[in-house]
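Here's the letter readout for the chains.
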Amino acid sequence: MKIRTLILSFILVIISSFVFIGITEAREDRGKYLVIHVDGISSELFLDELNAGELENLNSFFANGNIIDYGITYFPPFTQVVTTRIREGKKIYEGELIDWDRYDEETDEGHGKISVFMKMRDTVSRRARSNFAYGYPVLSYLGGPALLNVPDLIDKYGVVEFYWFATDTYGHAFGENQQRKWFRRFDKYFGEMASNLDDDVNVIIYSDHGMTFGERVDFEDEMEEIFKDDVLNFSYPNIYLANSDDKVKIAKKLLRETPLDYTFIQEKKNKIIGYHNESSIIFEIKNEKISYSYEGVDTFGYYEAGYKGQPLTEDQWLEFTHKLEYPLVPVNIYNLFKSPNVGDIISVLNAPKIMGDGYVRKGNHQGITSIDMTVPIFLKGPNLEHLYDYEYMRLDSLFSTKVTGVNFEDVEPKREKHSISLWVDDYKNPDLKARFSYSPKYRVQLGANISLDDIYDMWGEYDIYSGYLTRHWLGGGISYDDDLSTLIKFRSEIRVRRLALDYTIARGRDSKTNLSYRVSNNIDLNLLDFETFGLRYRW
């Protein structure tokens, strides 16, 4: 009876705390946002799918919003470049990652792809990190069910970001048809998810880059042999030289000896020289305006499109080039040279050529043409109406000047929901069981289990992992079943919309499986171990 008194006292203290300290303070309401990153979709592919009638859900949902066909991404058009910058509205020169190696000129060492991936992963919100797994074959089939859970999280988190990586992975490995298939799959699940969104949710979908499907060229080994005494490190698009005074000579030689289409050097702070097998290119910068001139062939096609050699601001270059095959090239090259991590030479490999290794077999995104650089941006919501007439936009301006007030950092609720659960084992000779949980802060729960057959537990648990499908808890406490003992427990939750499966293993206890169905925001119907019915109230 002492144990029962201890448990009941614990519950009374918790309930009393509600009276004196009230419900936990809510986050400042700046609107609800759902931000979805769909990886690797060019505007060209998107428009082709849209016109073929394959994207009915996206087309229908954004009919009363805006679809920007000409979103211009960062150069280089890499996922790690975009994801580590876009939410804070950073320019290319304001972030660290500009390739897949993170080469350090002082130590003459590269950190490699794993290091770059972990850096990228760490910038994504904790729950959204599970999306990286859904980019892999087989696991990619979990991405759709995970997306269906998003509406339930928006009220809780305020801002939810979701990453759909399968379009990129399948495009790299298996080609264009598979990329289209996974884009259509996204459209299907997006339609199901969007039907459960409230009207006040602001929805933003963007792609980080396009993708070229073409001829794979491998020349890194040959390049290392030809330039072994001149090049310290080559991590596309950056080339770091042993002697930067040789950059003009090596920039020209690279075009002769490799499949590269362009090389660029910074002759001085306000002048960039580019080389192509058919032309020389000059970008001159004065008063934050950039002018373009050439000798030979105008490979960008700017003069044919009406350019007359005049200096233009970045916004003017965007307006002039957003529909062209070479969008925003002067601005992107100039800004990349402003990065403290940039190489002595910036190289460019354009479509239809691609380079890569590992699973990159059929497609990649490395060039400065529209197939890699021009992407769609989707916008709908009460806080986005001022953007409905936009035809084009730089991706790096999306959250810096166009959509402001979205706080991607303060997205965690103050606490979990408290709950009371009741079960009855045997209706003829009923054994009533109760479970009470109290959350003092997010990711922490304290609770007690009580049974009429004199089995009691007091415990605490901590959320060690959260994704969009699963959540795992580790905890401990004390247990009483004739004797007092230490309790160690692990609990795993799997949820798809209203249906959830909860599995608990604990030291000295039989494992428990609870199947639950959410009737409303506050009430769940429970089936414990597939034989005992119960009810849970959450608040």
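Cut-off values and rules
- Residues numbered from 1 in each chain as written.
- Predicted model: local features only at pLDDT ≥ 70, side-chain atom pairs only at ≥ 80, totals over all residues.
- Heavy atoms only, no water.
- Helix = DSSP H or I, 4+ residues; strand = E, 2+ residues; numbered from the N terminus.
- Buried < 20%, exposed > 50% of the residue type's maximum accessible area, 1.4 Å probe, protein only.
- Contact = heavy atoms within 4.5 Å.
- Pairing = 2+ DSSP bridges.
- Axes fitted to C-alpha atoms, helices over the stretch in contact; angles between N-to-C directions.
- Patch = residues over 30% accessible without salt bridge, like charges linked within 9 Å, V, L, I, M, F, W, Y side chains within 5 Å.
- Areas by Shrake-Rupley, 256 points an atom, 1.4 Å probe, with all protein chains shown as cover.
- Salt bridge = Lys/Arg side-chain N within 4 Å of Asp/Glu carboxyl O.
- 1 Å grid on protein atoms, 1.4 Å probe; cavity = no way out; pocket = protein on both sides within 12 Å on 5 of 7 lines; lining within 4 Å.
- Points joined across faces, edges and corners; volume = space filled by probe spheres on them.
- Left-handed = near helix turned anticlockwise from the far one by under 90°.
- Nonpolar A, V, L, I, M, F, W, Y, C, P; charged D, E, K, R; others polar.
- Core = buried A, V, L, I, M, F, W, Y, C linked by side-chain atoms within 4.5 Å.
- Lys, Arg positive; Asp, Glu negative; His and termini not counted.
- Charge placed at Lys NZ, Arg CZ, Asp CG, Glu CD.
- Phe/Tyr/Trp six-rings, centres within 6.5 Å; stacked < 30°, edge-to-face > 60°.
- Lys NZ or Arg CZ within 6 Å of the ring centre and 35° of its normal.
- pLDDT = per-residue confidence, 0-100.
- Polar contact = N/O pair within 3.5 Å; in protein donor to acceptor, adjacent residues only side chain to side chain.

Asks: Could you give an account of the overall build of the chain, with specific residues and numbers?
Replies: Secondary structure assignment for the chain yields 15 helices and 27 strands. Taken over the C-alpha atoms alone, the chain extends approximately 95 × 50 × 45 Å along its principal axes. Counting over 539 residues, the chain shows a buried share of 53%. Counted over contacts in the chain with a minimum sequence separation of 6, partners at least 24 positions apart contribute 59%.

Asks: With reference to specific residues and values, describe the sheet that holds strand β13 (residues 345–348).
Replies: Reading across the sheet, the seven strands line up as β7-β8-β13-β9-β10-β11-β12 and stay open at both edges, with antiparallel pairing between neighbours. Looking at which strands have only one partner, the edges of the open sheet turn out to be β7 (231–235) and β12 (289–296). Each neighbouring strand pair of the sheet contributes to a mean axis angle of 20°, computed without reference to strand direction. By the bridge criterion, three bridges tie strand β9 (residues 262–268) to β13 in an arrangement that is antiparallel.

Asks: Explain a nonpolar patch on the surface to me, and be specific about the residues and the numbers.
Replies: Where nonpolar side chains cluster on the molecular surface, the patch consists of Leu 499, Tyr 517, Val 519, Ile 523, Leu 525, Leu 535 and Tyr 537 and spans about 630 Å² of accessible area. Elements supplying a minimum of two residues to the nonpolar patch: β26 (523–528) and β27 (532–538). Along the chain, Leu 525 falls in strand β26.

Asks: Account for the layout of surface pockets, naming residues and giving values.
Replies: Here the second largest pocket is characterised by a volume of approximately 1100 Å³. Forming the boundary of the second largest pocket are 37 residues, of which Trp 100, Lys 113, Asp 357, Tyr 359 and Val 360 lie nearest the centre. Listing elements by their share of the lining of the second largest pocket, those giving two or more residues are α4 (79–83), α5 (112–122), α8 (166–174), α10 (220–226) and β7. With five residues, α8 is the single largest residue contributor to the lining of the second largest pocket.

Asks: Could you give an account of the packing of helix α2 (residues 43–51) against helix α9 (residues 176–194), with specific residues and numbers?
Replies: As a packed pair, α2 and α9 sit with axes 11 Å apart at the nearest point and diverge in direction by 65°. Relative to α9, α2 is oriented so that their crossing is right-handed. Residues Leu 45, Phe 46, Asp 48 and Glu 49 of α2 pack against Glu 176, Gln 179, Arg 180, Phe 183 and Arg 184 of α9. In terms of residue class, the contact of α2 with α9 is built from three nonpolar, one polar and five charged.

Asks: Summarise the nonpolar core; cite the residues concerned and give the values.
Replies: Judged by nonpolar contacts, the single largest core of 122 residues is most densely connected at Ile 36, Phe 186, Phe 190, Ile 205, Phe 264, Phe 283 and Phe 300. When residues in this core are grouped by element, the largest group, seven residues, is from α9.

Asks: Describe the pattern of salt bridges, and please don't skip the residues or the numbers.
Replies: Per the stated rule, a full pass over the model turns up 37 salt bridges. Salt-bridge contacts for Asp 155 lead to Lys 32; the nearest nitrogen and oxygen are separated by 2.7 Å. With Asp 155 in helix α7 (residues 150–157) and Lys 32 in strand β1 (residues 32–38), this pair connects stretches of sequence that are 123 residues apart. In this structure, Glu 391 and Lys 323 form a salt bridge, with 3.2 Å as the shortest nitrogen-oxygen distance.

Asks: Tell me about a negative patch on the surface, residues and numbers included.
Replies: Judged by side-chain charge, Glu 220, Asp 221, Glu 222 and Glu 224 come together as a negatively charged surface patch. Within the secondary structure, Glu 220 is located in helix α10.

Asks: So what's going on with the sheet that holds strand β24 (residues 499–506)? Residues and values would help.
Replies: Around the barrel, 10 strands lie side by side as β18-β19-β20-β21-β22-β23-β24-β25-β26-β27; this closed barrel has antiparallel pairing. On average, adjacent strands in this sheet sit at an angle of 20° to one another, irrespective of strand direction. Of the strand pairs in this sheet, strand β22 (residues 470–481) and strand β23 (residues 483–496) are connected by 12 bridges, and their pairing is antiparallel. Within β23, the residue paired with Asp 481 across the bridge is Asp 483.

Asks: Can you tell me about the packing of aromatic side chains, naming the residues and giving the values?
Replies: On inspection of all chains with the given rule, the structure shows 42 aromatic pairs. Where Phe 61 meets Phe 62, the ring centres are 4.9 Å apart and the plane angle is 80°; that geometry is what we call edge-to-face. Each member of the pair, Phe 61 as well as Phe 62, is classed as buried. Here a set of aromatic residues connected by ring pairs shows up, and it is made of Tyr 262, Phe 264, Phe 283, Tyr 292, Tyr 294, Phe 300, Tyr 302, Tyr 303, Tyr 307, Trp 317, Phe 320 and Tyr 326. For the cation-ring pair, Lys 380 lies above Phe 61, with the distance from its terminal atom to the ring centre recorded as 4.1 Å.

Asks: Talk me through the pairing of β23; I want residue IDs and the actual numbers.
Replies: Connecting β22 to the antiparallel partner β23 that follows it, the hairpin turn spans one residue, and Asp 482 within it adopts a positive phi of roughly 75°. As defined by bridge partners, β23 adjoins β24 across eight bridges and the pair is classed as antiparallel. Across the sheet, the residue bridging to Ile 494 is Leu 501, located in β24. If you look at the hairpin formed by β23 and β24, you'll find two residues sitting between the two strands, and Arg 497 has a positive phi there, around 55°.

Asks: Please provide a residue-by-residue account of unusual backbone geometry, values included.
Replies: Note that the residue after Tyr 236, namely Pro 237, is joined by a cis bond; omega there is 5°. The residue after Ala 351, namely Pro 352, is reached through a cis peptide bond having omega 10°. As for its placement among the helices and strands, Pro 352 is situated in the loop between β13 and β14 (353–354). If you check the backbone angles, Arg 102 has positive phi at about 55° while not being a glycine.

Asks: Explain the confidence of the model for the chain residue by residue, including any values.
Replies: With 93% of its residues at a pLDDT of 70 or more, the chain has an overall mean of 91. Contacts of residues 15–27 to residues separated by more than four positions or lying in other chains number 17 contacts, the stretch itself having pLDDT below 50.

Asks: Account for empty space enclosed by the protein, naming residues and giving values.
Replies: Scanning all chains against the criterion turns up four cavities of 30 Å³ or more. In this structure, the largest cavity occupies an estimated 90 Å³ of space. Around the largest cavity, the lining residues are Ile 72, Thr 73, Tyr 74, Phe 75, Lys 91, Ile 92, Leu 328, Asn 332, Asn 335, Arg 394, Leu 395 and Asp 396. The residue inventory of the lining of the largest cavity, partitioned by class, reads six nonpolar, three polar and three charged.

Asks: Talk me through the side chain of Thr 167; I want residue IDs and the actual numbers.
Replies: Inspection of the secondary structure puts Thr 167 in helix α8. Within the structure, the side chain of Thr 167 is placed 2.5 Å from the backbone oxygen of Asp 39, a separation counted as a polar contact. Among all residues touching Thr 167, those that are not within four sequence positions of it are Val 38, Asp 39, Ile 41, Gln 179, Trp 182 and Phe 183.

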